[in-house]
Amino acid sequence: MATGSLADIDQSLLSFEKLDRSSPDLWPEQIPGVSEFAAFTSPVNSGDSKTAPKKWMAELEQEDLEMLQEFGSLSTPQLMEKVRGLQNLAYQLGLEEAREMTRGKFLNILEKPTKR
């Protein structure tokens, strides 16, 4: 009897409502423009994507490509550790820049020259 009543409860909780996702008012894009970008860059629409180099790839140097390959070969925890290291480095550079700007302010290096 208990299993029969659970099945009845499960059946009563089912919804057969059809949601129409075509309405932009009901289902706005999370990030505007992503749908068009995804359609533009999908492999189906890109033609012969194996032989034709991408426009963004043409601007990369060999060092950039090696860095992309290095990041691509990292596991998720390794990649997160690399990102954490980059964030720490950026923070340290920001602190150093703030110190140098304060130093320049005290030495009056950043003042505009007065007209004589």
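All figures in this text were calculated on a predicted structure; none of them were measured in a lab. (Residues numbered from 1 in each chain as written. Predicted model: local features only at pLDDT ≥ 70, side-chain atom pairs only at ≥ 80, totals over all residues. Heavy atoms only, no water.)

*Asks:* So, helix α5 (residues 76-106): which residues are in play, and what are the values?
*Replies:* The end-to-end C-alpha separation of α5 is 45 Å, in line with the 45 Å expected for 31 residues at 1.5 Å each. Of the residues flanking the end of α5, it is asparagine 108, one or two places downstream, whose phi is positive at about 55 degrees. (Helix = DSSP H or I, 4+ residues; strand = E, 2+ residues; numbered from the N terminus. Expected span 1.5 Å × (residues − 1).)

*Asks:* Hey, could you go over the environment of leucine 65 for me, with residue numbers and the actual values?
*Replies:* For leucine 65, the position within the fold is in helix α4 (residues 62-73). The exposure class of leucine 65 is partly exposed, given its relative accessible area of 25%. Not counting the four nearest positions on each side in its chain, leucine 65 is found in contact with Met57 and Leu60. (Buried < 20%, exposed > 50% of the residue type's maximum accessible area, 1.4 Å probe, protein only. Contact = heavy atoms within 4.5 Å.)

*Asks:* Could you give an account of unusual backbone geometry, with specific residues and numbers?
*Replies:* A positive phi angle, close to 55 degrees, is found at asparagine 108, a residue other than glycine. Its place among the elements puts asparagine 108 in the segment after α5. The exposure class assigned to asparagine 108 is partly exposed, which follows from its relative accessible area of 48%.

*Asks:* Explain a nonpolar patch on the surface to me, using residue names and the numbers behind them.
*Replies:* A cluster of nonpolar residues, Met101, Leu107, Ile109 and Leu110, forms a patch on the protein surface that exposes about 430 Å² of accessible area. Inspection of the secondary structure puts leucine 107 in the segment after α5. (Patch = residues over 30% accessible without salt bridge, like charges linked within 9 Å, V, L, I, M, F, W, Y side chains within 5 Å. Areas by Shrake-Rupley, 256 points an atom, 1.4 Å probe, with all protein chains shown as cover. Salt bridge = Lys/Arg side-chain N within 4 Å of Asp/Glu carboxyl O.)

*Asks:* Please give an account of the pattern of salt bridges that cites residues and values.
*Replies:* Inspection of the entire model under this criterion finds 3 salt bridges. Across the salt bridge formed by glutamate 100 and arginine 103, the nearest N and O atoms sit 3.4 Å from each other. With glutamate 100 and arginine 103 both in helix α5 and 3 residues apart, the pair spans about one turn of that helix.

Purely geometric numbers; function is a separate question.
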